[in-house]
Amino acid sequence: MKTTLALPKSPKVQFVGVTRRFREFSLIFRDPVLFMSLLFSGIFIFIFVLLPILRTVSGAFFSEEGALDFTYFARYFDSFYGPGLRQAFLDTMIMGLMTAIFGTLVGFIFAYSSVRCDPPAKNLLHWLALLPTVSPPFALALSVILLFGRSGLITKKVLGINFVPGMNDIYGLDGLVLVQTITFFSVAYLILRAMLERLNPSMEEAAASLRANRWHIFRTVTLPLLIPGIAGSFLLLFVESLADLGNPLFIAGNRTVLSAQIFLAVIGEYDYQKASALSLILIIPTLILFMVQRYYVNRRSYISVTGKPSGAQITEKDPIIRWGFNIAAYLICAFVVLLYATIVYGSFSFSWGVDFTPTLRHWSMVVTRGVEAILDTTFLSVLATPFAALLGMVIAWLVVRKNFSGKEVLDFSSNLGGAVPGTILGIGFILVFNKPPLALAVIVYALLAIFFVLVVGRDARERLIILLIGTTVGILLTRLEATQVYYLLGGLYLLLAVTLFLSSKNTFVSLCSALLGLYVMSTNWANAIAKPIADFSRSIERGFWSNAIFQFSDHIKILFQPPPSLLAIFLIFAGILLIQGSKQPLARLVGGVLALAVPCAMSFMEIPFALVGGAYIIMAAFVIRSLPASVRAGVASLQQIDPSIEEASNILGGDAQYTFRKVTLPLILPALVAGLIFSFTRHMTSLSAIIFLVSAKWRIVTASILSEWEQGGVSIAAAYSTLIILFVLIAIAILNVVTNRLLRGRAGVDLSQGL
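The rules behind each value
- Residues numbered from 1 in each chain as written.
- Predicted model: local features only at pLDDT ≥ 70, side-chain atom pairs only at ≥ 80, totals over all residues.
- Heavy atoms only, no water.
- Helix = DSSP H or I, 4+ residues; strand = E, 2+ residues; numbered from the N terminus.
- Contact = heavy atoms within 4.5 Å.
- Axes fitted to C-alpha atoms, helices over the stretch in contact; angles between N-to-C directions.
- Parallel < 35°, antiparallel > 145°, perpendicular 65-115°, else oblique.
- Nonpolar A, V, L, I, M, F, W, Y, C, P; charged D, E, K, R; others polar.
- Patch = residues over 30% accessible without salt bridge, like charges linked within 9 Å, V, L, I, M, F, W, Y side chains within 5 Å.
- Areas by Shrake-Rupley, 256 points an atom, 1.4 Å probe, with all protein chains shown as cover.
- Salt bridge = Lys/Arg side-chain N within 4 Å of Asp/Glu carboxyl O.
- pLDDT = per-residue confidence, 0-100.
- Buried < 20%, exposed > 50% of the residue type's maximum accessible area, 1.4 Å probe, protein only.
- Core = buried A, V, L, I, M, F, W, Y, C linked by side-chain atoms within 4.5 Å.
- Left-handed = near helix turned anticlockwise from the far one by under 90°.
- Phe/Tyr/Trp six-rings, centres within 6.5 Å; stacked < 30°, edge-to-face > 60°.
- Lys NZ or Arg CZ within 6 Å of the ring centre and 35° of its normal.

### A short note on the overall build of the protein
Scanning the protein from N- to C-terminus turns up 31 helices and two strands. Across the protein, the fraction of contacts at a sequence separation of at least 24, relative to all contacts at a separation of at least 6, is 81%.

The following block contains the structure:
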């Protein structure tokens, strides 16, 4: 009998591992654009995903005075607080479990009907199944209350039910599970439909040739092949249910779930430690299930690329099974249509439950006092959507096509923003970006400055000079008055443009540098441009146009007055692209100092990363919540593209950015469009992540709906919801038209790639 002893790794083996990792990053560093993509993705995810989550979790263990405190965890075992807290946790788990079971079941009915049962009006069935994805998260809760509430159209007007205290009604876990099932089943439908379409029919045909009956084939062949998709959709719906905030606030009644407790701890009690403690309780099962869900999704994706169906898609021949699935799917569709029709009619009803006379007064209020929220939501969503989609494609490209240490961490953390409940991210954003530590700005600038000098400088002496002089000049500039600083910084870019033109005669690079200088100066001009517009809005009659024109003046400022600390990150990378091609040592030295001094000054102007109350923190929350869909769409698309196509471009001399721009991006364009659609839809209908971030100046439609509901404006909330649905549908229609023109003669957009 042999005995094997596990010997510790020798220092030589450990040194080889470190050397291998150093060589990995050395190879990536040879292509500055590739390394910039990796560095920017890492910094963005660290600042806006990992740091807020860590801050929220750590906040649960410390009181306002900074002392270690386990009070809110001890309350779970307290005789006074314990029963209520444990019941809320149990209700949360029951809600997630029941929503996942029924949502997956409904999604399977739709998927099986669409793929195997050849339903009449198949495209109509598909789009009706996707309808819940384009509406606010609580729109269906609002509709169910209008129909089945205590003053509901069906319960009171049709059935004549008069509810008395203690009588079971739509409020509670049963109504909440019903609403969440209809809200989230579209996710399960897309996942299971994609799996059914990719199943190899040969095994089912072999079982049928052996005279197995339909039930036996389904139970022993079809269902086992669908297990990864069913498990993946089940776990994804469980996570979505736990993260939902809008529906529990609307229809949970006397039952409380953790997401609502977190919201009330912040809004009602202003107790961030309690909110952080509840967030940690919620995040543990969420993250566990998210990791399990990732395992099944990765397993599904792996299996799907090993082969394609060898025969035609199987269709259901048994009329009972076929029409059973079709009728069930269309009955659910009819219920969905009824819910949305109720929202639309409720927006025109004079006083729902009392007077159903049609009126336009609610719409009049929406387009006057609500126009600010509508325009702000649309404007910020439009700005955030392309950034989220492009960043998702870049991260997907790094994860699929490049090998480097930490790739799994990048992949996992980029998807973390969609897995963690939005309320947790919202609390983290408040805790981090309300009074951000100076250390955050120092660390970010240090990383970027070191990378800058390593790329721009040619030797250690040159790099040290650029780093020391550029940083010193930048720090000194922060001592000046803000208006003067922006003019000086813009002037430095104009001086850089002259230097680059004289040294290399490169007109394009010089022009880009000059435009950067004018953009930095425009920070001062934005107020001068916006003020006359705002004054004009006040001079006309109060109403839609005055409010819309005033918001337009604010939108101008957003475009030309980004937070200096965020603009500094962009300027560092822009400086690298401008300077790296310079061959003359003196021009490279002067240009490097100028290009580093500007972002250094901006990194420490005002209060670095103090974003709370502004528009950019809302856009950051939008991007983080929609980034996972873009990443998954990009990963799914890249896995279907032969890497040899990109390798051919590299062999012919194309670097990483050229290959991505000219070869990869056109091939993954359908996935990019799918990412755009999912991102814009998520931004327009987001609530939980941004509910703590809205301010008097920047309002979001979903928060306005919640506010109107709390004040009893049911019909106004219905009008807001109808308007959001119309906006999202119009945007998707426009994207589809553009897609059909761009992808003429090619495959269309697969919306399931975003899941």
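On we go.
### Topic: the environment of Thr659
In this fold, Thr659 is placed in helix α28 (residues 656-667). In this structure, the C-alpha to C-alpha distance between Thr659 and Ile645, residues 14 residues apart in sequence, is 9.5 Å. Contacts of Thr659, omitting those with residues within four sequence positions, involve Glu646, Ser649, Asn650, Gly654 and Thr664.

### Remarks on the packing of helix α2 (residues 32-59) against helix α18 (residues 422-433)
Viewed as axis vectors pointing N to C, α2 and α18 meet at an angle of 90 degrees, and their least axial separation amounts to 8 Å. Taken as axis vectors, α2 and α18 run roughly perpendicular relative to one another. The residues of α18 that touch α2, namely those facing Ile47, Phe48, Val49, Leu51, Pro52, Ile53, Arg55 and Thr56, are Ile424, Leu425, Ile427, Gly428, Phe429, Leu431, Val432 and Phe433. By residue class, the composition of the contact of α2 with α18 is 13 nonpolar, two polar and one charged.

### Here we look at a nonpolar patch on the surface
Side chains of Tyr487, Leu494, Leu511, Leu515, Leu518, Trp525 and Ile529 sit close together on the surface and give an oily, nonpolar patch of about 620 Å² of accessible area. Listed by contribution, the elements that provide at least two residues to the nonpolar patch are α21 (482-504) and α22 (507-539). It is α22 that provides the largest number of residues to the nonpolar patch, a total of five residues. Tracing the sequence through the fold places Leu511 in helix α22.

### Digging into the confidence of the model for the protein
Summing up the model confidence of the protein, the mean pLDDT is 82 and the portion of residues at 70 or higher is 88%. Residue range residues 300-310 is modelled with pLDDT below 50. Its contacts to residues more than four positions away, or to other chains, number 15 contacts.

### Concerning the pattern of salt bridges
In total, this model carries seven salt bridges according to the counting rule given. Note that Arg538 is salt-bridged to Asp535, the shortest N-O span being 3.0 Å. Of this pair, Arg538 and Asp535 are both found in helix α22, three residues apart, which corresponds to roughly one turn of the helix. When its relative accessible area of 55% is taken as the criterion, Arg538 is described as exposed.

### Quick look at helix α6 (residues 139-148)
α6 sits mainly inside the fold: nine of its ten residues count as buried. Along α6, the residues that are buried comprise Ala139, Leu140, Ala141, Leu142, Ser143, Val144, Ile145, Leu146 and Leu147.

### Thoughts on the nonpolar core
Counting 219 residues, the largest nonpolar core has Phe110, Phe429 and Leu489 as its most contacted members. Ignoring any residue separated from it by four or fewer positions in sequence, one finds Phe110 in contact with Leu125, Ala129, Phe185, Tyr189, Ala329, Ile332 and Cys333.

### Thoughts on unusual backbone geometry
Positive phi values are uncommon outside glycine, yet Ala121 reaches one of about 55 degrees. Examined against the element boundaries, Ala121 turns out to sit in the loop between α4 (82-116) and α5 (122-130). Of the residues examined, Ala121 reaches a relative accessible area of 46% and is grouped as partly exposed.

### Focus on the packing of α6 against helix α8 (residues 173-198)
Two elements in contact, α6 and α8, have axes whose closest approach is 9 Å; the angle formed by their N-to-C orientations is 135 degrees. In terms of axis orientation, α6 runs oblique to α8. Crossing geometry of α6 relative to α8 is assigned as right-handed. Seen from α6, the contacting residues are Leu140, Ala141 and Val144; seen from α8, they are Val179, Ile182 and Thr183. Grouping the amino acids of the contact of α6 with α8 by side-chain chemistry returns five nonpolar, one polar and no charged.

### Observations concerning the packing of aromatic side chains
Under the defined criterion, the tally for this structure stands at 24 aromatic pairs. Geometrically, the ring pair formed by Phe44 and Phe48 is tilted, given 5.0 Å between the ring centres and 50 degrees between the ring planes. Of this pair, Phe44 and Phe48 are both found in helix α2, four residues apart, which corresponds to roughly one turn of the helix. One exposure class covers both Phe44 and Phe48, and it is buried. When the ring centre of Tyr81 is taken as origin, the NZ or CZ atom of Arg75, which lies over that ring, is 4.2 Å away. The cationic tip of Arg361 hangs over the ring face of Phe350; the distance from NZ or CZ to the ring centre is 4.2 Å.

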